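# Breakdown of the fold
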Amino acid sequence: MPFDAINPPEFPTPIAPYSAGARAGNTVYVSGVLALGEGGVVLHPGDVAAQTRAVLDTIATTLAAAGATLADVAMNHIFLKDFADYAAFNAVYADYFPGAKPARYCIRADLVKPDCLVEIASVAHLA
């Protein structure tokens, strides 16, 4: 099945060869999102809550470009640099998913930039 690449024009240039998202049929896949600005500058170093907000806002923008919202997210793939940040991450995450919670997993991982504390990739389904 062919897919449509999703690259909102307001996003900074990607730091690697990928699209921000892809829509195939009624499914929207959002690439792993880090808290990055133009030129790959890490936003909010040392602040997992602020990075989580930046990541989830970017995911919401990508979904909107595909005709979806965070309420359509069925699965989140979460990567934390340090599980000491788990509670602070979850406090922000819960604000973005106030209703039915998507399925998810969360693993500890080294991320592409040392100052990045959280990365999330999402899958959304449209009715």
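Residues numbered from 1 in each chain as written. Predicted model: local features only at pLDDT ≥ 70, side-chain atom pairs only at ≥ 80, totals over all residues. Heavy atoms only, no water.

Here we come to helix H2 (residues 86–96). When H2 is considered as a whole, its buried residues turn out to be Phe-89, Val-92, Tyr-93 and Tyr-96. Within H2, the buried residues cover an arc of 105° as seen down the axis, which keeps them to one side. For H2, exposure combined with an orientation more than 90 degrees from the buried face picks out Ala-87 and Asp-95. Looking at the packing, one finds that the buried side of H2 touches helix H1 (48–65), strand S4 (73–80), strand S5 (103–108) and strand S6 (118–125). (Buried < 20%, exposed > 50% of the residue type's maximum accessible area, 1.4 Å probe, protein only. Helix = DSSP H or I, 4+ residues; strand = E, 2+ residues; numbered from the N terminus. Arc of directions from axis to C-beta. Contact = heavy atoms within 4.5 Å.)

A word on the packing of aromatic side chains. The final tally for this structure, using the stated rule, is four aromatic pairs. With centroids separated by 6.3 Å and ring planes inclined at 85°, the aromatic side chains of Phe-79 and Tyr-105 adopt a geometry described as edge-to-face. You can see Phe-79 sitting in strand S4 and its partner Tyr-105 sitting in strand S5, a full 26 residues away along the chain. Of the residues examined, Tyr-105 reaches a relative accessible area of 36% and is grouped as partly exposed. On the basis of an interplanar angle of 40° and a centroid distance of 4.7 Å, the ring pair of Tyr-93 and Phe-97 is categorised as tilted. What makes Tyr-93 buried here is its relative accessible area of 5%. By relative accessible area, which is 3% here, Phe-97 ends up buried. Chaining the aromatic ring pairs together yields one cluster made of Phe-89, Tyr-93 and Phe-97. (Phe/Tyr/Trp six-rings, centres within 6.5 Å; stacked < 30°, edge-to-face > 60°.)

Before going further, it helps to spend a moment on the pairing of S6. Burial analysis of S6 places seven of its eight residues in the buried class, the great majority of the element. Note: S4 against S6, seven bridges, orientation antiparallel. Residue pairing for S6: Met-75 is matched across the bridge by Val-123. (Pairing = 2+ DSSP bridges.)

Glancing now at the environment of Thr-62. Among the structural elements, Thr-62 can be located in helix H1. On the basis of relative accessibility, which here comes to 1%, the residue Thr-62 falls in the buried class. For the pair Thr-62 and Ser-19, spaced 43 residues apart in sequence, the C-alpha to C-alpha distance is 10.0 Å.

This part covers the packing of H1 against H2. Look at H1 against H2: their axes get within 8 Å of each other, and the N-to-C directions meet at 30°. The handedness of the crossing between H1 and H2 is right-handed. Contact residues: H1 offers Val-48, Ala-49, Thr-52, Arg-53, Leu-56 and Asp-57, while H2 offers Ala-88, Phe-89, Val-92, Tyr-93 and Tyr-96. Taken together, the residues of the contact of H1 with H2 break down into eight nonpolar, one polar and two charged. (Axes fitted to C-alpha atoms, helices over the stretch in contact; angles between N-to-C directions. Left-handed = near helix turned anticlockwise from the far one by under 90°. Nonpolar A, V, L, I, M, F, W, Y, C, P; charged D, E, K, R; others polar.)

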